[in-house]
Amino acid sequence: METTVITNDDLAYAADAIRRGGLVAVPTDTVYGLAANGLNAEAVAKIYEVKGRPAIKPLILLVSDIEAAEVFCAEIPDAARKLAAAFWPGPLTIVLPHSDVVPDIVTAGGKTVGIRCPNHPKTLELLRLTGLPLAAPSANISDMPSPKSADAVLEYFDGVIDCVIDGGVTSLGFESTIVDLTSEPYKILRQGALPEEDIKRVLKA
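The structure displayed is predicted, hence computed values, not measured ones.

Enquirer: Where do I start with the overall build of the protein in this structure?
Expert: If you tally the helices and strands in the protein, you get eight helices and 10 strands. In terms of overall dimensions, the protein is globule-like: its C-alpha atoms have a radius of gyration of 16 Å, near the 17 Å expected for 205 residues. Each principal axis of the C-alpha atoms in the protein carries an extent, and together these give about 50 × 35 × 30 Å. Relative to its full complement of 205 residues, the protein shows a buried share of 51%. In the protein, once contacts between residues fewer than 6 apart in sequence are set aside, the share between residues at least 24 apart is 65%. When the accessible surface of the protein is split by element, carbon and sulfur atoms take 51% of a total near 9200 Å². In the protein, the 18 positive side-chain charges and the 27 negative ones have mean positions that sit 5 Å from each other.

Enquirer: What is the right way to look at the packing of helix H1 (residues 12-19) against helix H6 (residues 121-130) in this model?
Expert: Packed helix pairs are characterised by how far apart their axes lie and by the angle those axes make with each other. Close contact between H1 and H6 brings their axes to 9 Å; oriented N to C, the two are set at 55°. One finds that H1 runs oblique with respect to H6. Judged by the sense of rotation from one axis to the other, the crossing of H1 with H6 is right-handed. For the pair H1 and H6, contact is made by Ala-14, Ala-15, Ile-18 and Arg-19 and by Leu-126, Leu-129 and Thr-130, respectively. In terms of residue class, the contact of H1 with H6 is built from five nonpolar, one polar and one charged.

Enquirer: Sorry, what's going on with the side chain of Thr-28 here?
Expert: Along the chain, Thr-28 turns up in the loop between strand S2 (24-26) and strand S3 (33-37). Polar contacts involving the side chain of Thr-28 include one to the side chain of Thr-30, which spans 2.9 Å. From its side chain, Thr-28 meets the backbone oxygen of Val-31 in a polar contact 2.6 Å long. If sequence neighbours within four positions are ignored, Thr-28 has contacts with Arg-116, Pro-118, His-120 and Thr-170.

Enquirer: Looking at this structure, how should I read the pattern of salt bridges?
Expert: Pairing between side chains of opposite charge can happen when their charged atoms approach one another. The full count for this structure, using the stated rule, is seven salt bridges. The partner of Lys-122 in a salt bridge is Asp-9, with the nearest N and O atoms 3.9 Å apart. In this pair, Lys-122 sits in helix H6 while Asp-9 sits in the loop between strand S1 (4-6) and H1, placing the two residues 113 residues apart along the sequence. The class for Asp-9 is exposed, based on a relative accessible area of 65%. A salt bridge links Arg-81 to Glu-70; the nearest nitrogen and oxygen atoms lie 3.1 Å apart.

Enquirer: Looking at this model, I keep getting lost on the pairing of strand S5 (residues 92-97). Mind explaining?
Expert: Working note: regular strand, side chains alternate between the two faces of the sheet. With respect to burial, S5 is a largely interior element, five of its six residues being buried. Here S5 pairs with strand S9 (residues 177-180) via four bridges, running parallel. Residue pairing across strands places Leu-92 opposite Thr-177, the latter belonging to S9.

Enquirer: Just checking my understanding: could you explain unusual backbone geometry for this structure?
Expert: Glycine aside, residues mostly have negative phi, and peptide bonds are mostly found in the trans state. Here the bond from Trp-88 into Pro-89 is cis, since omega is -10°, no more than 30 degrees from zero. If you trace the backbone, Pro-89 turns up in the loop between helix H4 (78-87) and S5. Following Glu-184, the chain continues to Pro-185 via a peptide bond in cis, the omega torsion being -5°. Within the fold, Pro-185 resides in the loop between S9 and strand S10 (187-190). Of note in this structure, Ala-108 is not a glycine but carries a positive phi near 55°. Within the secondary structure, Ala-108 is located in the loop between helix H5 (104-107) and strand S6 (112-116). Within the chain, Asp-143 stands out as a residue other than glycine whose phi angle is a positive 75°. Of the residues examined, Asp-143 reaches a relative accessible area of 79% and is grouped as exposed.

What counts, and at which threshold
- Note that residues are indexed from 1 along each chain, following the sequence as it is written.
- Where local features are concerned, this predicted model is filtered to residues with pLDDT of at least 70; where side-chain atom pairs are given and counted, the filter is 80 or more; whole-chain, interface and lining totals use all residues.
- To get the side-chain values, all heavy atoms of the structure are used, and hydrogens and water are removed first.
- By definition, any uninterrupted DSSP run of H or I lasting at least four residues is a helix, any uninterrupted run of E lasting at least two residues is a strand, and each is numbered from the N terminus.
- For the radius of gyration, the atoms used are the C-alpha atoms, and the globule rule reads 2.2 Å times the number of residues raised to 0.38.
- Here's how the labels work: a residue is buried when its accessible area is under 20% of the maximum for its type, exposed when over 50%, partly exposed in between, all with a 1.4 Å probe on protein chains only.
- Pairs of residues are marked as contacts when any of their non-hydrogen atoms sit within 4.5 Å.
- A 1.4 Å probe and the Shrake-Rupley method give the accessible areas. Residues count as covered only by the protein chains that appear here.
- Only four residue types enter the tally: Lys and Arg on the positive side, Asp and Glu on the negative side; His and the chain ends are excluded.
- Where a charge lies is defined by one atom per residue type: Lys uses NZ, Arg uses CZ, Asp uses CG and Glu uses CD.
- The convention used is that axes are lines fitted to C-alpha atoms, helices contributing only their stretch in contact, and that angles between N-to-C directions extend from 0 to 180 degrees.
- Oblique is the label for every angle not falling under 35 degrees (roughly parallel), over 145 degrees (roughly antiparallel), or within 65 to 115 degrees (roughly perpendicular).
- Helix crossings fall into two classes, left-handed where the near helix is turned counterclockwise from the far one by less than a right angle and right-handed where it is turned clockwise.
- Amino acids outside the nonpolar list (Ala, Val, Leu, Ile, Met, Phe, Trp, Tyr, Cys, Pro) and the charged list (Asp, Glu, Lys, Arg) are all regarded as polar, and Gly is one of them.
- Throughout this description, a polar contact denotes any pair of N or O atoms lying within 3.5 Å of each other; where both atoms belong to protein, one of them has to be capable of donating a hydrogen while the other can accept it, and for residues adjacent in sequence the pair is counted only when both atoms sit in side chains.
- Any Lys or Arg side-chain nitrogen located within 4 Å of an Asp or Glu carboxyl oxygen qualifies as a salt bridge.
- Two strands are counted as paired when DSSP detects at least two bridges linking them.

Take a look at the structure:
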């Protein structure tokens, strides 16, 4: 397979690759992600395969906004809406109970799903073009450094994935903060680019 590198703003090839079950590396504000159609279990399985990712580790879904997330979450509490209004697009992943449309492989058989709206114009445009959620962990081999550029992605996956959208060097360079809102009080599952103090401030408002 030849991996296409997309350096312009025409994302039609990448959108087509997603629709037909391919893998596309996408830029975000945090690190590059390895994206597939999050509703296509076979496509998602390719992510696990090429990354060497353990099947017990769930994936997050990238969405365009909180309204899009309503399809994939069984419920969206006020706390989630407050956080999305404050920090999306941005480096915050929100964990909520998933709806029946989310394949088990995305959630590793669990009852929850992490959702995020990434702050990068090209990936937001890809979400718009496809109309699909993107299952998208970091675009690296498991336990290796997360890539911050298209060139770094190619070091891992050149000839293995359909294409890479070159969106420059990521602005933050490390992963999103993951907050679990399925219980009271909330839990920080991964401290990332968004400080917990900012989350506390919004939820107390």
